[in-house]
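# Observations on the three-dimensional arrangement
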Amino acid sequence: MRKVEEAGLTDLKDKTLELPVSGFDASARVKELEAELSRWKSVFDSSRLLVGHELIRPVTAIEGYLDLLESELKGQLNEKSRGYIEKVRASAKRLKDIADSFIQMLMLDREDELRIGKDKVNVVELVRMVADRYVRSGTPIEIKCTGSIDPIVVPRKYLEVVLENVISNAIDHGKSKEPIEVNIYTQEDRRGENGRQILMIEITDRGSGIPEKNVLSVFAPFYKLDESGGHGLGLTLVKNLLYVMGGNISIKSREGEGTTATIVLPYCSPKSQEMVK
């Protein structure tokens, strides 16, 4: 043991610093740790492949039985029944998209395996399309767009999953007769002096709000504010998908007043064709 007696470092005085014992082979220990890390990484890789398979398999079965049902009842289905089948098929497709996004989230540390298809997305139209799915919820959704919003270049299905999760959360935790407000606008990126623009999507409910001590916890896996349903993975998935798209999400809430989720995305102007990151 060697005493630390550096002048001026009074906070370290009289503390001890352990030095490696004689004969310690640091390089050998590093190799051992690398081998152990490689072994656990292999276990994790196998596990996520299994998870991906188990998520996709039941959805594929649902789609198969829907095809069989339509084939068996061909000519016997009325318009209402066909409408029900199409709704189930659309829900199965969305579930498959969510499963695929979840698998991609598990693979964020494998850049060589991450393959993201990017699309030119009209954000306002996509928000309206997602909002239309919740018409039957009885909660009105008001969409406000400030200024002209050009399309952005992102994986469309990722952004769709993000919007579905955040809007459905707002509906679940808001007051049924109070509208959900969605504000879409661009602003200067205040994180630097580059003068670039970012896209903002604010989704606000007028529900009971979130206790201040719990706001940061909502992004933790399996965290649930109440027993209203779900598995507590929605916002975890949202945050990771936005990370892949170069964006972010923040939550502001007041108990008894409501909650605002703000989605931030890089803004790509067709005039410059330059991604803002």
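Since this is a predicted model, take the numbers as computed values, not measurements.

## Details of the overall build of the chain
Scanning the chain for helices and strands turns up 5 helices and 9 strands. When the helices and strands of the chain are listed from N to C terminus, the series reads β-β-α-α-β-α-β-β-α-β-β-α-β-β. Sorting the 277 residues of the chain into buried and exposed places 33% on the buried side. Considering only residue pairs separated by 6 or more positions, the chain has 65% of its internal contacts joining residues 24 or more positions apart. A total accessible area of about 18000 Å² is found for the chain, and carbon and sulfur atoms account for 52% of it.

## Topic: the environment of Val121
If you trace the backbone, Val121 turns up in strand E3 (residues 119–121). Relative accessible area serves as the criterion here: at 0%, Val121 is assigned to the buried category. Discounting residues that sit within four places of it in the chain, Val121 has contacts with Leu126, Pro151, Ile152, Val154, Arg156 and Leu159.

## With respect to the sheet that holds strand E7 (residues 197–205)
Within a sheet, neighbouring strands are paired by backbone hydrogen bonds and run either parallel or antiparallel to one another. One open sheet holds the 5 strands; their spatial order is E4-E6-E7-E9-E8, and the pairing between them is mixed. Pairing within the sheet leaves two strands with one partner each, and these edge strands are strand E4 (141–145) and strand E8 (248–254). Neighbour-to-neighbour, the strand axes of the sheet open up by a mean angle of 20°, direction not taken into account. On the sheet, helix H3 (residues 123–132) packs against E4, strand E6 (180–188) and E7 and is oriented at approximately 175° with respect to E4. Packed onto the sheet, helix H4 (residues 156–173) meets E4, E6, E7, E8 and strand E9 (258–266) and runs at close to 30° relative to E7.

## Here's the deal with H4
Every α-helical turn comprises 3.6 residues, leaving residues that sit three or four positions apart pointing alike. With 18 residues, H4 should cover 26 Å at 1.5 Å per step; its first-to-last C-alpha distance of 26 Å lies within 8% of that length. With 13 of its 18 residues buried, H4 lies for the most part within the structure.

## Looking at helix H5 (residues 234–244)
Within the span of H5, buried status applies to Leu235, Thr236, Leu237, Val238, Leu241 and Leu242. Just downstream of H5 lies Gly246, where phi reads positive at about 80°.

## A word on the packing of H4 against H5
Running from N to C, H4 and H5 cross one another at 145°; their axes reach a closest spacing of 9 Å. Here H4 and H5 pass one another in a crossing that is left-handed. Across the interface between the two elements, Tyr158, Val161, Val162, Asn165, Val166 and Asn169 of H4 pack against Gly234, Leu235, Leu237, Val238, Leu241, Leu242 and Val244 of H5. Grouping the amino acids of the contact of H4 with H5 by side-chain chemistry returns 10 nonpolar, 3 polar and no charged.

## Here's the deal with the pattern of salt bridges
Tallying each qualifying case throughout the model produces 7 salt bridges. Where Arg89 meets Asp67, a salt bridge forms, and the shortest distance between an N and an O atom there is 2.9 Å. Residue Arg89 is found in helix H2 (residues 79–106), and its partner Asp67 is found in helix H1 (residues 26–72); the two are separated by 22 residues along the sequence. Glu70 serves as the salt-bridge partner of Arg89, at 2.5 Å between the closest nitrogen and oxygen. Linking Arg89 in helix H2 with Glu70 in helix H1, this pair joins segments that are 19 residues apart in sequence. When salt bridges that share partners are traced, they join Asp67, Glu70, Glu86 and Arg89 into one network.

## Quick word on the nonpolar core
Counting residues in each nonpolar core, the largest one holds 41 residues, and the members touching the most others are Leu159, Ile203 and Ile263. Ranked by residues supplied to this core, first place goes to H4 with 9 residues. Every residue in contact with Leu159, bar those within four places of it in the chain, is listed here: Val121, Val123, Leu126, Ile152, Val154, Met245 and Leu265.

## Quick word on the pairing of E6
Where E4 meets E6, 5 bridges bridge the pair, whose relative direction is parallel. Bridge pairing in E6 places Ile141 opposite Ile180.

## Observations concerning the packing of H3 against H4
Contact geometry of H3 with H4 gives a least axis separation of 10 Å together with a crossing angle of 50°. Judged on the interaxial angle alone, H4 and H3 are oblique. The crossing of H3 and H4 is right-handed. Of the residues in H4, those touching H3 at Val123, Leu126, Val127, Met129 and Val130 are Arg156, Leu159, Glu160, Leu163, Glu164 and Ile167. Of the residues assigned to the contact of H3 with H4, the class counts are 8 nonpolar, no polar and 3 charged.

## Concerning the confidence of the model for the chain
Per-residue confidence for the chain gives a mean pLDDT of 77, with 70% of residues at or over 70. For residues 270–277, every residue scores under 50 in pLDDT, and the model assigns this stretch 15 contacts once sequence neighbours within four places are set aside.

Conventions adopted
- Counting starts from 1 at the beginning of each chain's written sequence and moves along it residue by residue.
- In view of the model being predicted, local features appear only for residues whose pLDDT reaches at least 70, and side-chain atom pairs are presented and counted only at 80 or more, with totals across whole chains, interfaces and linings using the full set of residues.
- Only hydrogens and water are set aside when side-chain values are computed; all heavy atoms of the structure are taken into account.
- Each helix is a run of H or I in the DSSP string that is no shorter than four residues. Each strand is a run of E no shorter than two, and both are numbered from the N terminus.
- Three exposure classes are used, based on accessible area relative to the maximum for each residue type with a 1.4 Å probe and protein chains only: buried under 20%, partly exposed in between, and exposed over 50%.
- Here, two residues are considered to be in contact whenever any of their heavy atoms come within 4.5 Å of each other.
- For the accessible areas, the method is Shrake-Rupley and the probe is 1.4 Å, while residue cover comes only from the protein chains on display.
- If DSSP finds at least two bridges between two strands, the strands pair.
- What counts as an axis is a line fitted to C-alpha atoms, over the stretch in contact for a helix, and the angles between N-to-C directions run from 0 to 180 degrees.
- What a helix is expected to span follows from its residue count: subtract one and scale by 1.5 Å.
- By convention the crossing between two helices is left-handed if the near helix lies anticlockwise of the far one by an angle smaller than a right angle, and right-handed if it lies clockwise.
- Put simply, Ala, Val, Leu, Ile, Met, Phe, Trp, Tyr, Cys and Pro go in the nonpolar bin, Asp, Glu, Lys and Arg in the charged bin, and everything else, Gly too, in the polar bin.
- Counted as salt bridges are all cases of a side-chain nitrogen of Lys or Arg within 4 Å of a carboxyl oxygen of Asp or Glu.
- Nine residue types can take part in a nonpolar core, namely buried Ala, Val, Leu, Ile, Met, Phe, Trp, Tyr and Cys, and a core is a set of them joined through side-chain atoms within 4.5 Å.
- Geometric relationships in this document are graded by angle, where less than 35 degrees denotes roughly parallel, more than 145 denotes roughly antiparallel, 65 to 115 denotes roughly perpendicular, and other angles denote oblique.
- The quantity called pLDDT is the predictor's confidence in a given residue, expressed from 0 to 100.

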